[in-house]
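# Descriptive analysis of the structure
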Amino acid sequence: MAAPASSKVVYEQEGVFIHSSCAKNDDQDSIISGVLRVIEKEAEVIVDWRPSDDTLDSSNILCAGKDSSSVVEWTQTPKEKSPRGLDHQNNYEAEWDMVNTVSFKKKPRSNGDATTHANGESKWSFQFSLTDLKSIKQNKEGMGWSYLVFCLKDDVILPALHFHHGDSKLLIVSLEKYVVLCESPQDKRILLVNCQNKSLSQSFENLLDEPTYGLIQGELLDRRKTFWAVHHWKKLKKDPYTATMGGFSKVTNYIFDSLRGSDPSTQQRPPSEMADFLSDAIPGLKINQQEEPGFEVITRIDLGKRPDVIRREPVSAEEWTKNMDSEGRILDADFIKHMIFKGGLCHALRKEVWKFLLGYFPWHSTREERTNLQKRKTDEYFRMKLQWKSVSDEQEKRNSRLRDYKSLIEKDVNRTDRTNKFYEGQDNPGLILLHDILMTYCMYDFDLGYVQGMSDLLSPVLYVMENEVDAFWCFVSYMDQMHENFEEQMQGMKTQLIQLSTLLRLLDSGFCSYLESQDSGYLYFCFRWLLIRFKREFSFQDILRLWEVMWTELPCQNFHLLICCAILESEKQQIMDKHYGFNEILKHINELSMKIDVEDILSKAEAISIQMMNCKELPQAVCEVLGMETSAVTTPDSDTGEDESVTVMSRSASTYQNISMPVTAANGTRDNTQHVAVTHSAQRLTPT
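A short tour of the structure in this document, coming up. Model, not experiment: these values are computed from the prediction.

## As for the pattern of salt bridges
As enumerated under the stated definition, the model contains 29 salt bridges in all. The salt bridge partner of Arg189 is Asp187, with a shortest N-O separation of 3.3 Å. Under the relative-accessibility criterion, Arg189 is labelled partly exposed at 26%. One salt bridge connects Glu466 with Lys351, and the closest N-O pair in it is separated by 2.9 Å. Of the two residues, Glu466 sits in the loop between α16 (454–465) and α17 (468–486) while Lys351 sits in helix α11 (residues 347–357), which places them 115 residues apart along the sequence. The exposed category is assigned to Glu466, whose relative accessible area is 51%.

The following block contains the structure:
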């Protein structure tokens, strides 16, 4: 049976048997003969087995999920969806495409379970992507005919395939064209997939993109590496969250050697080539990697002395109440936000104040207005929730996008912050609320729906609100800020990585040059930080503090990028002194998770912002990132009488610089009499 032009059968063996061990009917076969194939299709390799007398019946295909991180089940394609006309019988492509129409739900099945049709006839078929293969078990030599058992990454074990005519080794040879196989140290009968380089499948080959494929084909990587590279490029494009969450923690020298090739003459590839190679994963991302002998690419700018920054205690309930009138209006929102920026909130206030910070409650609203708003929003929420709750099973079968959203949400909810008491254990009410809010958000924004990573953003919000409706609307406001991070084109991620490079180059061009010399100037190791706002870098309680500080939108736009700069600056010395290379930098940055002092980083980031805003020669690109503009406002120069340009600050930045308040000294002592007031003669509010 010939495969279509887009598919290529690279291995085919008839007389490969499944021995059924669970016959329930007398007429059920105990030995089933079938055909085993290995098929290349669109940069993916599929292992396919089906009974010899059923090679054209796609209704019997048992399909394993293509995403190795998912919970795999076997599910039979509905018979009514498999019309078997003459054209269908002769079209292998139509049969192949059935793998894309199968829904996946977890079903408990043991090795050897059969799919039994209404007529009692035993039907067996399966296919799986080679990227989902975990291991292959072989029989002992001399113990009857040879057999192989495939185990997938989710520990799904397929029925044993018996090679009555031998030749099982030919299959192993065929598979070794695409994956590395080696004996398990515990059991020589078991071949592990990619055991020598197990991080390859979750590595920086996630960053490969279509323009790179030609380079790979040009013998930069061998066939196995090409197969894995293209697979993970597709995985990154489909799910950048999972690719970066798992990928950066398991980087090995093998990856970089693969990119550079085995030829000694290619061991020192120019930074520009490596930057282009890796940044292609986000089309449109351009990081300056220029090198000109004898010239400094970046003009050095004297930013002046960095000030010492002092933080204060979290805002107390008493301070919050004092800034509210009898009707519940906030008297001075700017002052409140400034206090929150400088010290955060005591936990008892978060449930109320986060609603203001996230825009759910207007700062100028009265207590009565907020109560009425909540009533309206409650009605609106439950109307949207009813939309997906009332979808019947039959309707869901005809709505593939809703099924996909639901499947992703169920998978993510079960692994989000499960060590937190609010979400731990089975049948936890917090998990149910997390699921329902995310499903309802799909109704609110069906175009975006659900993308992996969004559960990380919702979890702390729900934890604080302890209320389904309030958590939903606060999450909606947060997603308004984060929306571009999760869009298919990843425009938000492109922009932020470019802006981060601009800021870091101004702060320390030498460090940037070092990163570039190690092929790391694209700053892609910050992807996870930006994608979910440091959620995986700080402890759960520290994230509550960090987020509420960032939500004040002080002291400037894109303060989270200055937090990135502060973290990188803190690690600069170790990275450069120990001469970390490409892989060591990635490994080091990833291992910072849960080891960063949130108060220290906030102080450093704030000091950097003041240092930059005090600079009179700030580049235009940096002004734009921080929300400042180099304006044509003219002032008479005291020495020359000529006009000069001044920096026009955003309202939030100017407000931040001109508010006086009690502070905490850098050494941790409290001084309620000391006040800080910073002014800038060359800075003005942007007119509104």
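## A few points about the packing of helix α12 (residues 367–389) against α17
Packing of α12 against α17 leaves a shortest axis separation of 10 Å and a crossing angle of 85°. Judged on the interaxial angle alone, α17 and α12 are roughly perpendicular. Contacts between α12 and α17 involve Gln374, Lys377, Thr378, Glu380, Tyr381, Phe382, Met384 and Lys385 on the former and, on the latter, Glu468, Val469, Asp470, Phe472 and Trp473. Among the residues forming the contact of α12 with α17, the class breakdown is 6 nonpolar, 2 polar and 5 charged.

## Overview of the pairing of strand β1 (residues 7–19)
Note that β1 and strand β2 (residues 31–41) share 11 bridges and pair antiparallel. Bridged to His19 within β2 is Ile31. Inspection of the sheet shows β1 paired to strand β9 (residues 161–163) by 2 bridges, in the antiparallel sense. Residue pairing across strands places Phe17 opposite His162, the latter belonging to β9.

## Thoughts on the nonpolar core
Of all hydrophobic cores here, the largest spans 124 residues; its most connected members are Phe534, Ile563, Met612, Leu618 and Leu626. The element contributing the most residues to this core is α17, with 11 residues. Ignoring sequence-local partners within four residues, the contact set of Phe534 consists of Trp529, Ile543, Leu546, Met550, His560, Ile563, Cys564 and Ile567.

## Things to note about helix α23 (residues 582–590)
In terms of residue burial, α23 counts as a mostly covered element, since 7 of its 9 residues are buried. Those residues of α23 lying buried are Phe582, Asn583, Ile585, Leu586, His588, Ile589 and Asn590.

## Quick notes on the packing of aromatic side chains
Remark: the centre distance and the inter-plane angle together describe each pair of aromatic rings, the angle taken between the planes. Summed over the entire model, instances satisfying the criterion amount to 27 aromatic pairs. When the centroid spacing of 5.3 Å and the interplanar angle of 70° are considered together, the rings of Phe341 and Phe559 count as edge-to-face. Residue Phe341 is located in helix α10 (residues 333–343), and its partner Phe559 is located in helix α22 (residues 559–577); the two are separated by 218 residues in the primary sequence. We classify Phe559 as buried; its relative accessible area is 4%.

## Quick look at the pairing of strand β11 (residues 190–193)
In β11, alternate side chains face the same way, and those of Leu191 and Val193 are buried while those of Ile190 and Leu192 on the opposite face are not. Where strand β7 (residues 133–138) lies against β11, 3 bridges are found, and the strand directions are antiparallel. Its bridge partner being in β11, Lys137 is matched across the sheet by Ile190. Looking at chain direction, strand β10 (residues 181–183) and β11 are connected through 3 bridges and run antiparallel. What sits directly across from Leu181, in β11, is Val193. Taking the residues that link successive antiparallel strands as the turn, the β10-β11 hairpin has 6 residues.

## Let's talk about unusual backbone geometry
Going from Leu554 to Pro555, the amide bond is cis rather than trans, its omega being 0°. Inspection of the secondary structure puts Pro555 in the loop between α21 (540–551) and α22. Here the phi dihedral of Glu553 falls at roughly 60°; this positive angle occurs in a residue that is not glycine. Within the secondary structure, Glu553 is located in the loop between α21 and α22.

## So, the side chain of Glu537
When you line up the elements, Glu537 lands in the loop between α20 (527–531) and α21. At a separation of 2.7 Å, a polar atom in the side chain of Glu537 contacts the side chain of Arg528.

## Concerning the state of the cysteines
In the structure shown here, the tally under the stated rule is 0 disulfides. No disulfide involves Cys623; its nearest neighbouring cysteine sulfur is the one of Cys615, lying 8.4 Å away.

## Re the environment of Asp436
By secondary structure assignment, the location of Asp436 is in helix α15 (residues 429–444). For the pair Asp436 and Glu410, spaced 26 residues apart in sequence, the C-alpha separation works out to 9.9 Å.

## A closer look at the packing of helix α18 (residues 491–507) against helix α24 (residues 598–614)
Remark: α18 packs on α24, axes separated minimally by 12 Å, with the N-to-C direction vectors making an angle of 75°. When the interaxial angle is binned, α18 and α24 end up roughly perpendicular. Contacts from Leu503, Leu506 and Leu507 in α18 reach Ile608, Gln611 and Met612 in α24. Class assignment for the residues of the contact of α18 with α24 results in 5 nonpolar, 1 polar and no charged.

Rules used throughout
Residues numbered from 1 in each chain as written. Predicted model: local features only at pLDDT ≥ 70, side-chain atom pairs only at ≥ 80, totals over all residues. Heavy atoms only, no water. Salt bridge = Lys/Arg side-chain N within 4 Å of Asp/Glu carboxyl O. Buried < 20%, exposed > 50% of the residue type's maximum accessible area, 1.4 Å probe, protein only. Helix = DSSP H or I, 4+ residues; strand = E, 2+ residues; numbered from the N terminus. Axes fitted to C-alpha atoms, helices over the stretch in contact; angles between N-to-C directions. Parallel < 35°, antiparallel > 145°, perpendicular 65-115°, else oblique. Contact = heavy atoms within 4.5 Å. Nonpolar A, V, L, I, M, F, W, Y, C, P; charged D, E, K, R; others polar. Pairing = 2+ DSSP bridges. Core = buried A, V, L, I, M, F, W, Y, C linked by side-chain atoms within 4.5 Å. Phe/Tyr/Trp six-rings, centres within 6.5 Å; stacked < 30°, edge-to-face > 60°. Polar contact = N/O pair within 3.5 Å; in protein donor to acceptor, adjacent residues only side chain to side chain. Disulfide = S-S within 2.5 Å.

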